[in-house]
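# Analysis of the macromolecular model
Listed below, chain by chain, are the residues.
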Amino acid sequence: MNLLGNFINGEQLASESERQSAVYNPATGEHTLNVSLSTADEAKAAITVAQIAFESWSKVTPLNRARVLFKFKALVEDNIDELAQMITLEHGKVLSDAKGELTRGIEVVEFACGIPHLLKGEHSLNVGRGVDSFSLMQPLGVCAGISPFNFPVMVPMWMFPIAIAAGNTFIMKPSEKDPSVIMRIAELLKEAGLPDGVFNIVNGDKESVDVLLEDKRVQAVSFVGSTPIAEYIYSTGSKYGKRVQALGGAKNHLLVMPDAKVEQVTSALMGAAYGSAGERCMAISVAVAVGDIADALVDKLAEKARTLKIGNGAEKGLDMGPLVTAEHRDKVLGYIEDGVKAGATLVADGRDLQVSGYEEGYFVGGCLFDNVTAEMRIYQEEIFGPVLAISKFSNIDDGIRQANDCDYGLAAYVQTTNDKTADEASCRLKAGMVQVNGTSRAPGAPFGGVKASGCGREAGIWGIRAYQEIKSISGTKQQN
Ligand code: NAD
């Protein structure tokens, strides 16, 4: 069995750890690889390397740092097919989704290529008599990123392109469920001319993460993953004096107004609820239907959910692949059972899906629940599977109240043909991001949530701020 180690100081290194985690192809159930769960000493060694590399990398001009990223972007584009296949092989999502993930990552690299301008400070003349004041931005040092399984490239690419463009060095701790593709990304960074030690990968679990959280030499930690781990990362990282952003789980609602276009809502929901088998942080898992639109919507959605094309994501023409692991599939099935027992109406039932030729794969078909109420677990908890719940309300106030009555607050969506209603809902929905009549987002828009969805923002100028210290300098002019 192949064993994946670490990437430290520009080369792949075997780990000395005796602990390993198994990686599977979720479409076939085949055990394809083991990944090392690094020791604390290996994580410390990576920090030492990154700290040494920081001395020189932070002195490279922003322009020359950007030039490395320009080359890296071109290499990711040249190798996009191979990278997408690597994602699909371990995550299961369909190839078009995997390419979409890479494209979102490339957009962050494009943003980071503007670093010479993004690092400009401010200058104020005569803030006092003969006193000028200015600000400058300086890199922090060694930064670390801990990422979830559902975007094995895009989430790391929210983090490291901006961090290294800003002059920091980086240690990535990927998900142990799909760790291969980020190793290929590390090779492409090296090929693009990134000096050894600037970007490192430590594969592992809590043991190596704890080192990244506690070691004084790490200045900042970015985490994306589930809420309980986000809380642990936030409290531990801050206790050890680090700058921490910790993005957690989600349960995103779509408010559907009676004037919305049923076809448009159905199409948005099919992509956002079932795309990537629902394993997206931006997935819509509850549609809050206001007024009499609900029944027409349920009919259309049920028909489409029952006819989703599901199979091995590596094959063409599919809507959805398997879930990431057998354990996760069982968790999702457990939620579906729970919804049925709680009295919700399962109008599309994907529990018994069999994919011919892939009987050992971790598949669950599209599920649609009608008549879901707020006290049900399928309404409140993150399922992270192809399960959509419909809740019905008679007016916008109840709909918004209900959408807001949820611990999570990553994204909220609204579908309406009335622009005033859209503005009102956008202001009142308690979420870090609101999407009106669609699901696309501007590259570089701040990404993050409120409430149990964590704190901090990735991407755009907020990403730059996360990886920079801003220093204010004031000086009195000396008369000669
Ligand atoms: P997870 O929390 O299980 O794992 C995330 C990372 O934390 C992995 O690298 C994992 O190895 C590490 N980890 C796990 N347990 C740990 C522990 N006890 N101590 C230290 N590190 C630990 O999340 P996941 O299942 O990989 O990803 C799915 C979750 O991520 C969902 O909840 C989803 O909503 C969330 N997510 C959120 C966003 C966002 O922007 N808010 C984006 C993507 C995914």
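For the structure, check the block above.
Residues numbered from 1 in each chain as written. Predicted model: local features only at pLDDT ≥ 70, side-chain atom pairs only at ≥ 80, totals over all residues. Heavy atoms only, no water.

Our next topic: the overall build of the protein. Scanning the protein for helices and strands turns up 16 helices and 23 strands. Computed over its C-alpha atoms, the radius of gyration of the protein comes to 23 Å, within 12% of the 23 Å expected for a compact globule of 480 residues. Here the analysis covers contacts within the protein between residues at least 6 apart in sequence; of these, 74% occur between residues at least 24 apart. Accessible area for the protein stands at about 19600 Å²; split by element, carbon and sulfur atoms hold 50% of it. Seen as two clouds, the 46 positive and the 59 negative side-chain charges of the protein have centres 7 Å apart. (Helix = DSSP H or I, 4+ residues; strand = E, 2+ residues; numbered from the N terminus. Rg over C-alpha atoms; globule rule 2.2 N^0.38 Å. Contact = heavy atoms within 4.5 Å. Areas by Shrake-Rupley, 256 points an atom, 1.4 Å probe, with all protein chains shown as cover. Lys, Arg positive; Asp, Glu negative; His and termini not counted. Charge placed at Lys NZ, Arg CZ, Asp CG, Glu CD.)

As a structural note, the neighbourhood of the ligand is formed by 26 residues, with Ser147, Lys173, Glu176, Ser226 and Glu382 the closest of them. At 2.8 Å, a backbone N or O of glycine 248 approaches a nitrogen atom of the ligand. If the ligand stood free it would expose 850 Å²; the protein chains cover 88% of that surface. Taken together, the elements giving at least two residues each to the shell around the ligand come down to helix H8 (206–214) and strand E11 (218–224). When grouped by side-chain class, the residues that make up the shell around the ligand number 15 nonpolar, 7 polar and 4 charged. (Near = heavy atom within 4 Å. Polar contact = N/O pair within 3.5 Å; in protein donor to acceptor, adjacent residues only side chain to side chain. Nonpolar A, V, L, I, M, F, W, Y, C, P; charged D, E, K, R; others polar.)

By the alternation rule, side chains of strand E4 (residues 20–25) split into Ser21, Val23 and Asn25, which are all buried, and Gln20, Ala22 and Tyr24, of which none is buried. From the end of E4 to the start of strand E5 (residues 30–36), which pair antiparallel, there are 4 residues, and glycine 29 there has a positive phi angle of about 80°. (Buried < 20%, exposed > 50% of the residue type's maximum accessible area, 1.4 Å probe, protein only. Pairing = 2+ DSSP bridges.)

In terms of nonpolar packing, the biggest core is built from 132 residues, with Phe72, Phe160, Phe170, Ile185 and Phe199 touching the most fellow members. With 10 residues, the top contributor of residues to this core is helix H6 (residues 154–165). (Core = buried A, V, L, I, M, F, W, Y, C linked by side-chain atoms within 4.5 Å.)

On to helix H9 (residues 227–239). Under the 1.5 Å per step criterion, the end-to-end length of H9 is 18 Å for 13 residues, consistent within 8% with the ideal 18 Å. Three or more residues of H9 are buried, namely Thr227, Ala230, Ile233, Thr236 and Gly237. Looking at the buried side of H9, the elements it contacts are strand E8 (142–146), H8, E11, strand E12 (243–247) and strand E18 (408–409). Immediately downstream of H9, the backbone of glycine 241 shows phi near 80°, a positive value. (Expected span 1.5 Å × (residues − 1).)

Before going further, it helps to spend a moment on the sheet that holds E5. Spatial strand order, E1-E5-E4: 3 strands in an open sheet with mixed pairing. Edge positions in the open sheet fall to strand E1 (3–4) and E4, since each of these has one partner strand only. Note that E1 and E5 share 2 bridges and pair parallel. Residue leucine 3 lies in a different strand from E5, and its bridge partner there is asparagine 34.

Take unusual backbone geometry next. Positive phi, close to 55°, is recorded for asparagine 9, a residue that is not glycine. Here asparagine 9 is to be found in the loop between strand E2 (6–8) and strand E3 (11–13). Looking at asparagine 9, the relative accessible area reads 38%, which means it is partly exposed. Although it is not a glycine, asparagine 437 sits at a positive phi angle of roughly 55°. Along the chain, asparagine 437 turns up in the loop between strand E20 (433–436) and strand E21 (450–451). Residue asparagine 437 is classed as partly exposed on the basis of its relative accessible area, which comes to 31%.

This brings us to the sheet that holds strand E17 (residues 387–393). Taken in spatial order, the 7 strands line up as E15-E16-E17-E14-E13-E19-E20 in an open sheet, and their pairing is mixed. Strands with a single pairing partner mark the edges of an open sheet, and in this sheet they are strand E15 (345–348) and E20. Neighbour-to-neighbour, the strand axes of this sheet turn through a mean angle of 25°, independent of strand direction. (Axes fitted to C-alpha atoms, helices over the stretch in contact; angles between N-to-C directions.)

Let's shift gears to the side chain of asparagine 150. Along the chain, asparagine 150 falls in the loop between E8 and H6. Accessibility expressed as a relative area gives 5% for asparagine 150, which makes it buried. Residues in contact with asparagine 150, not counting those within four places in the same chain, are His91, Lys93, Glu101, Glu279, Arg280, Cys281 and Phe384.

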